[in-house]
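# Per-entry structural report
Each chain, letter by letter, is given below.
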Amino acid sequence: MTNAPTEAINIARRQPYPGAPDNWKRFFTFSTDHKVIGIQYIVTSFIFFLIGGLLSMIMRGELVTPEANLVDRTIYNALFTMHGSIMLFLWTFPVLVGLGNYLVPLMIGARDMAFPRLNAVSFWMIPIVGILMLASFLVPGGPSQSGWWAYPPVSLQNPTGNLINGQVLWILAVAISGVSSIMGGVNFVTTIFKMRAPGMTWFRTPAFVWSVLAAQLIQLYGLPALTAGAVMLLLDLTVGTSFFAPERGGNPILYQHFFWFYSHPAVYVMVLPVFGIFSEVFPVYARKPLFGYRVVAVSSVMITGISALVWVHHMYASGTPGWMRILFMFTTLLVAVPTGVKVFAWVATVWGGKLRLNTAMLFALGGLVNFVFSGITGVMLGSVPIDIHVNNTYFVVGHFHYVIYGAIVFGIYAGLYHWFPKMTGRMYYEGLGKVHFALTLAGTWLCFLPMHFSGLMGMPRRVSSYDPEFALWNVLASLGGFLLGMSTLPFILNMVSSWIQGEKAPNNPWKAIGLEWLTTSPPPVENFEEIPTVISPPYGYGKDEPLIANQAEVVPADGVTT
Amino acid sequence: MNIRAILTISIFVAFLTIASFWVAGQAPSWFPPQASAESKLYDELFSILSGIGTFIFLGIALVLLYAVLFQRAAKYDDGDGPSIEGNTAIEVIWTIIPLGLVLWIATYSYQIYDTMAVRGPMELVHLHNPMEMKTALAVPLDEVKPQLPTEEIDVTAKQWAWVFRYPNNVTSTELHLPVDHRIRLALHSDDVLHGFYVPAFRLKQDVIPNKTIDFEFTPIRVGKYRLRDSLYSGTYFAANQADVVVESAEDYDRWLAMAANQTPTPAYNPASAEYNRASEKTLVRGWESVPPAPPPVVNFAPKQEPTSPPA
Amino acid sequence: MTTESSIAQSTEAQIREEQAHEAAENSKFGFIVFLLSETVIFLSFFAGYIIYKTTLPDWYPPGVTGLDTKDPQFNTIILVSSSFVIYVAERYLHDKKLWGFRFFLLATMAMGGYFLYGQAVEWSNLSFGFTSGIFGGLFYLLTGFHGLHVFTGILLQTIMLGRSFIPSNYDSGYFGVEATSLFWHFVDVIWIILYVLIYVWQ
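Residues numbered from 1 in each chain as written. Chains lettered and ligands numbered in written order. Predicted model: local features only at pLDDT ≥ 70, side-chain atom pairs only at ≥ 80, totals over all residues. Heavy atoms only, no water.

## Points about the overall build of chain C
Which entries qualify depends on this criterion: Under the DSSP-based scheme used, a helix requires at least four consecutive residues in state H or I and a strand at least two consecutive residues in state E, with every element numbered from the N terminus. The globule rule used for comparison is 2.2 Å times the number of residues to the exponent 0.38, while the radius of gyration itself is calculated over C-alpha atoms. Under the scheme applied here, a residue whose accessible area is under 20% of the maximum for its type counts as buried, over 50% as exposed, and between as partly exposed, the area being computed with a 1.4 Å probe on protein chains only. Here a residue-residue contact requires only that any non-hydrogen atoms of the pair lie within 4.5 Å. Calculation of accessible area relied on Shrake-Rupley with a 1.4 Å probe; when residues are assessed, cover is drawn exclusively from the protein chains displayed. Residues counted as positive are Lys and Arg, residues counted as negative are Asp and Glu, and His and the chain ends are not counted. By convention, the charge on Lys lies at NZ, on Arg at CZ, on Asp at CG and on Glu at CD.
Scanning chain C from terminus to terminus reveals five helices and zero strands. Reading the helices (α) and strands (β) of chain C from amino to carboxyl end gives α-α-α-α-α. Relative to the compact-globule value of 17 Å for 202 residues, chain C shows a C-alpha radius of gyration of 22 Å, a clear excess of over 25%. Here the C-alpha coordinates of chain C stretch approximately 85 × 30 × 20 Å along the principal axes. Put simply, chain C has 202 residues, and 44% of those count as buried. The long-range fraction of contacts in chain C, counting pairs at least 24 apart against all pairs at least 6 apart in sequence, stands at 79%. Here chain C displays about 10300 Å² of accessible surface, and carbon together with sulfur accounts for 66% of that area. In chain C, which carries 9 positive and 16 negative side-chain charges, the distance between the mean positions of the two groups comes to 6 Å.

Take a look at the structure:
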């Protein structure tokens, strides 16, 4: 859809529309409205979050005792494989695409994404990926049990000998997820480059939009490499080619290069939008501009570039030559610099402000602190000699869960709370939100901090049983894990009951500065009655400048639904 | 800046420094005993990084805590804070210092890596102009006694057992090493990727099928340690462990001689034992698994199931 | 018709034309972004090819000492020339000369079709298969994947040819043809790199 004034667009009112009693039906259709698609992504992925979480509860149940006595070892191996795969491909990536889908057109003053139908197709591939992954539990031989990395030769072993086996289904699911993501990448990049409102120069574009752009560019250069590796793995598995099979002359380490060339930058695909959320949330609840906004914006794209050059740090123990390990150690440590710049910028944004500790702000602050902790363990892991001991131990598991849960999931929650009124037109219950925060923070630290210690003592990852000396750490971690499971309950309760009967939200409940706050809550189908013309840079807190031309006339009053 | 601010910052920095040194001092207690020469270098490096990390983490966390406690908006104050959009000087500083810090960490790590002589594998990628890997025995460690001969032992990893072959062709499922001698292991895998990992040595090397990887280190402490398979290698990978016995040279020779006199018999193999038990279970079965390799037939196997070494 | 409504109608028409133009611009941008991403998958396969070729001293299947280049050379000339042919077709369309457009588009399809035929003939004459070691795997993977893209390109051209028979289809722009043409150039460039890697560098 292009940015023409409303009068020139025929809007069919025969279908459900926001504000109408049957609006909920829109979420179960092949809607091309980015706002509907965004919410479809978010809700669908949250369901998979719960499924992936359930799998991890069983894993933590097994790990409460040193022996493998809860489930068969094949089941445990399937659990950790599917836990990782579901959490990454069906929760983290899609929920962030959902938030991006909802927010980017609004933040840039567009009526929709560049390719709305492609957008819908991208979304509907996600349930297909989910069905494939879950269906793999039902085939003979069970789901893939080779870890979410699917390293050959283990991933090629296929004990049942069947052509349709869990590993094949897994590869197909990941491939479809890749296609969905690449289509999304094309959509986001085109939208952000071509559809910003008049007056919105690059340095008047919100940091969240910059971060989504940076993340989607990574998807575009990285996913094809993963696809190439996956195609070759699939051929080895089904047809008997020799790309990675050592008994047929293949090189299993080459697979690792293909895999990590994408999968390392992939973690930046996950964390960059969360950085963007932090950049949006801190100014609002500190009532201060984003400190060093331009540098923060540019650092996102720098991370896109540098992150392409660090992947071998996952392979320091794999048999890579010494020069390669040292080279990638330098690049890995280098990527900490633009990241550190952001961290300091956020601290400087918060410092000296007028803080309001709403739930979104609490999650953002908690996420930032967790991120700093995990950044430090990350730098440790980047050092070759350090990694030789802790590689493939629970130290790594602790590190990346601090990033993924402690920073990314916290950031996602912050975003969901912050934009909940805009998306639903309702306010959430603040008290429940704070309870959710407290339980999540406690659960995160209790679950994932002990893992660092068991890792340093030498407990390998992915084990279904361990030596008794690791017992204490595992008991603590399991308690924390169960607490985390419980912590989702106040969130679910809050979201559901608030959406149904929460207090009606004004257009701008947080008095935030941004284009999305200059339209109704929720926005009309066409987002804005009139496309705004941007006249100021973002985050103008403390200055009394309007963000758009004729702001007083253009912004609808509260309570107006179109 | 006024005197009060300078004083506050100085006290804060002093506190951070004390805390960092304390944490750095705690770091060695988080590890298994230092059983190899390399482990001493390792623990020192980790200690320093922990100290630096503590400084940064507490520095940021406490600043944020202060803001959260003392810089809240007044109850009915809806207004904005100061319109501070940046400060070039500060931003340059907080770019340059981290850049310098990571470069220093990378360089220092490289030096430790070199000194540890964590000699990587033989080049797997043989280019037409192969780069010679530096033999990293450049800086001899105190504990390495160069006049002692290097002991070469062959290690085979398989699904799911470790088999060791000694210079006199003795085989066992327990790794015996003479203390203070440099050890060179030749790592093989019979099937899939495995990981040779001895936490007490702080060393790990993935084992690749169809390749032989050389791996050198020096054990310096008599005792019994644990070898674990660190790279996920299939169903019973968690059970793929073995004991590592570091003993005096005399004890080592005595053990070798004793083992040479024993006829090879199948060793106790936890993976095989579990697999056979699982096949008998009918209540809740898992899925089909790759069958374990038959228990290794070796001269010496520990008499009972390997158990955890003392802390 | 009153003056106001006629002005409103022409403004509406103007807006629709602007919308269509913007949409086409966005589509072209998006398609180029997509092609750049597609390139990476080929680059990944190329990287795999280069790494294996430089690290395996003897990777040909038994009985094979190299690849015959005579026919592939000819096929290459046909395919690369077809890029000029489709460019000519586009120029005719730009000048609104539909029959010229259709003729040269058909010629492109014929040349592409010949290339695929030549590829199939070469494949059938080879003594090694997909599972004949790493060389076999990579050879068929690379040429096969490329061939799939050639086939897709011909398919797109067929659709464009068919659409050209719908009256006034290309009056307000021909993004579809531009995309098809870009795709065809992309297929050609990939083939040139592939040809150098597999047939020249032996």
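## Section: the overall build of chain B
From N to C terminus, chain B includes five helices and twelve strands. Every one of the 311 residues in chain B was classed for burial, and the buried ones make up 50%. Counting contacts in chain B only where the partners sit at least 6 residues apart, residues at least 24 apart contribute 73% of the total. Approximately 15200 Å² of chain B is accessible, and the part contributed by carbon and sulfur atoms is 61%.

## Quick notes on empty space enclosed by the protein
Residue and element names in this part refer to chain A. How we decide: A pocket here means an open set of points on a 1 Å grid, computed over the protein atoms alone, that has protein on both sides within 12 Å along at least five of seven lines. A cavity is instead a set of points where a 1.4 Å probe fits but cannot get out; residues with an atom within 4 Å of a point line either one. Grid points are joined across faces, edges and corners, and a volume is the space filled by probe spheres set on the points. Ten residue types, Ala, Val, Leu, Ile, Met, Phe, Trp, Tyr, Cys and Pro, are classed as nonpolar, four, Asp, Glu, Lys and Arg, as charged, and the remainder, Gly among them, as polar.
Scanning the model with the defined rule gives 15 cavities of 30 Å³ or more in all. Its volume calculated, the largest cavity comes out at about 290 Å³. Around the largest cavity, the lining comprises 26 residues; the ones closest to its centre are P143, Q145, V154, N158 and P159. Looking at the lining of the largest cavity, its residues break down into eight nonpolar, 17 polar and one charged.

## Looking at the interface of chain C and chain A
How large an interface is tends to be reported as the accessible area lost when its parts come together. Inclusion rule: Accessible-area loss on putting two parts together, using a 1.4 Å probe and summing over both, is the definition of buried area adopted here. Here, a salt bridge means any Lys or Arg side-chain nitrogen found within 4 Å of an Asp or Glu carboxyl oxygen. Throughout this description, a polar contact denotes any pair of N or O atoms lying within 3.5 Å of each other; where both atoms belong to protein, one of them has to be capable of donating a hydrogen while the other can accept it, and for residues adjacent in sequence the pair is counted only when both atoms sit in side chains.
Facing the 27 residues of chain C at the interface are 33 residues of chain A. Note on chain C versus chain A: buried area summed over both sides is about 2500 Å², and carbon and sulfur give 75% of it. Looking at the side of chain C facing chain A, the largest losses of area belong to N26, F29 and Y52 of chain C, adding up to 22% of the total buried there. Counting every contact that joins chain C to chain A gives one salt bridge. Note that K194 of chain A is salt-bridged to E25 of chain C, the shortest N-O span being 4.0 Å. Between chain C and chain A we count three residue pairs in polar contact (both at pLDDT 80 or more) in total.

## Focus: unusual backbone geometry
Of the consecutive residues P152 of chain A and P153 of chain A, the connecting peptide bond is found in the cis state with omega at 0°. Secondary-structure assignment places P153 of chain A in the loop between helix 3 (116–135) and helix 4 (166–194). The residue after Q159 of chain B, namely W160 of chain B, is reached through a cis peptide bond having omega 5°. With respect to the helices, strands and loops of the structure, W160 of chain B is situated in the loop between strand 1 (151–158) and strand 2 (161–165). You will see that D180 of chain B, though not glycine, has its phi angle at about 70°, which is positive. For D180 of chain B, the location among the structural elements is in the loop between strand 4 (175–178) and strand 5 (183–189).

## Some thoughts on helix 2 (residues 70–94) of chain C
Residue and element names in this part refer to chain C. Note the cut-off: In a helix, the anticipated span is given by 1.5 Å times the number of residues less one.
The end-to-end C-alpha separation of helix 2 is 37 Å, in line with the 36 Å expected for 25 residues at 1.5 Å each. Taken as a whole, helix 2 has its buried residues at P72, N75, T76, I78, L79, S82, S83, V85, I86, A89, E90 and L93. Tucked inside the fold, the buried residues of helix 2 contact helix 3 (98–125), helix 4 (133–163) and helix 5 (175–200). Note on helix 2: the residue one or two positions beyond its end, K96, has a positive phi of about 60°.

## Let's talk about the sheet that holds strand 3 (residues 171–172) of chain B
Residue and element names in this part refer to chain B. As a reminder of what qualifies: In short, DSSP must find at least two bridges between two strands for them to pair.
What the five strands build is an open sheet, ordered 3-2-1-5-8; its pairing is mixed. Two strands lie at the open edges of the sheet, namely strand 3 and strand 8 (213–217), each paired on one side alone. Two strands pair when backbone bridges link them, and strand 1 and strand 2 are joined in this way by five bridges, in the antiparallel orientation. Residue V155 lies in a different strand from strand 2, and its bridge partner there is F164.

## Side note on the interface of chain A and chain B
The interface is formed by 104 residues belonging to chain A together with 94 residues belonging to chain B. Both faces considered, chain A and chain B share a buried interface measuring about 8400 Å² in area, 68% of it formed by carbon and sulfur atoms. Residues R287 of chain A and D80 of chain B are paired through a salt bridge, measuring 3.0 Å at the closest nitrogen-oxygen approach. Linking chain A with chain B are 33 residue pairs in polar contact (both at pLDDT 80 or more). Looking at the side of chain A that touches chain B, the element that brings in the most residues is helix 9 (residues 336–350) of chain A, giving nine residues. Tallied by class, the residues present in the side of chain A that touches chain B amount to 63 nonpolar, 26 polar and 15 charged.

## Structural notes on the environment of I86 of chain C
Residue and element names in this part refer to chain C. Mapped onto the fold, I86 is located in helix 2. For I86, a relative accessible area of 3% gives the class buried. Residues within four places of I86 in sequence aside, it is in contact with L105, T108, Q157, T180, S181, W184 and H185.

## Some thoughts on the packing of helix 4 of chain C against helix 5 of chain C
Residue and element names in this part refer to chain C. Definition in use: Only the stretch in contact is used when a helix axis is fitted, and all axes are lines through C-alpha atoms; the angle between N-to-C directions ranges over 0 to 180 degrees. An angle counts as roughly parallel when it lies under 35 degrees, as roughly antiparallel when it exceeds 145, as roughly perpendicular when it falls between 65 and 115, and as oblique in every other case. Crossings are assigned a handedness: left-handed for a near helix turned anticlockwise from the far helix by less than a right angle, right-handed for a clockwise turn.
Put simply, helix 4 and helix 5 touch, their axes get as near as 10 Å, and they point 160° apart. By the angle class used here, helix 4 and helix 5 are roughly antiparallel. Once helix 4 is placed against helix 5, the crossing between them reads as left-handed. Residue-level contacts link F139, L142, T143, H146, H149, V150, T152, G153, I154, L156, Q157 and M160 of helix 4 to G176, V177, T180, F183, W184, F186, V187, I190, W191, L194, I198 and Y199 of helix 5. Here the contact of helix 4 with helix 5 is composed, by residue class, of 16 nonpolar, eight polar and no charged.

## Some details on helix 4 (residues 249–260) of chain B
Residue and element names in this part refer to chain B. As a reminder, the rule being used: This arc is built from the directions going out from the helix axis to the C-beta atoms.
Look at helix 4: 16 Å from first C-alpha to last across twelve residues, which is about the 16 Å you get at 1.5 Å a residue. Turning to helix 4, its buried residues number three or more, namely Y252, W255, L256 and A259. Viewed end-on, helix 4 has its buried residues packed into an arc of 100°, placing them on one side of the element. Turned more than 90 degrees from where helix 4 packs its buried face, E250 and R254 sit exposed. Close packing links the buried residues of helix 4 with strand 1, strand 3, strand 4 and strand 10 (241–247).

## Digging into the side chain of T81 of chain A
Residues and elements named next belong to chain A. Tracing the chain through its elements places T81 in helix 2 (residues 73–108). By relative accessible area, which is 0% here, T81 ends up buried. Within the structure, T81 has its side chain in polar contact with the backbone oxygen of N77 (distance 2.7 Å).

## Concerning the packing of aromatic side chains
Let me state the cut-off plainly: Centre distance within 6.5 Å is the pairing criterion for rings of Phe, Tyr and Trp, where only the six-membered ring of Trp is used; planes under 30 degrees apart are then read as stacked, over 60 as edge-to-face, and the remainder as tilted. A ring is considered to have a charge above it if a Lys NZ or an Arg CZ atom is located within 6 Å of its centre and within 35 degrees of its normal.
One pass over the full model with this rule turns up 106 aromatic pairs over all chains. Between F89 of chain A and W148 of chain A the ring centres are 6.3 Å apart and the planes differ by 70°, which places this aromatic pair in the edge-to-face class. Of this pair, F89 of chain A sits in helix 2 while W148 of chain A sits in the loop between helix 3 and helix 4, and the two are 59 residues apart along the sequence. Just as F89 of chain A is buried, W148 of chain A falls in that class too. One residue, K53 of chain C, lies across the ring of W201 of chain C, its end atom 5.0 Å from the ring centre. Looking at R102 of chain C, its charged tip hangs above the ring of W99 of chain C, at a distance of 4.6 Å from the centre.

## Let's talk about the pattern of salt bridges
Evaluated as defined, the whole model comprises 25 salt bridges over all chains. Across the salt bridge formed by D33 of chain A and K35 of chain A, the nearest N and O atoms sit 3.0 Å from each other. Since its relative accessible area comes to 5%, K35 of chain A is described here as buried. For K28 of chain C, the salt bridge goes to E178 of chain C, with nearest N and O atoms at 3.2 Å. In this pair, K28 of chain C is assigned in helix 1 (residues 3–55) and E178 of chain C in helix 5, connecting sequence segments 150 residues apart. Judged by relative accessible area, K28 of chain C falls into the partly exposed class, the value being 27%. Connected through salt bridges with shared partners, the residues D467 and E469 of chain A together with K224, R226, R228 and D243 of chain B form a single ionic network.

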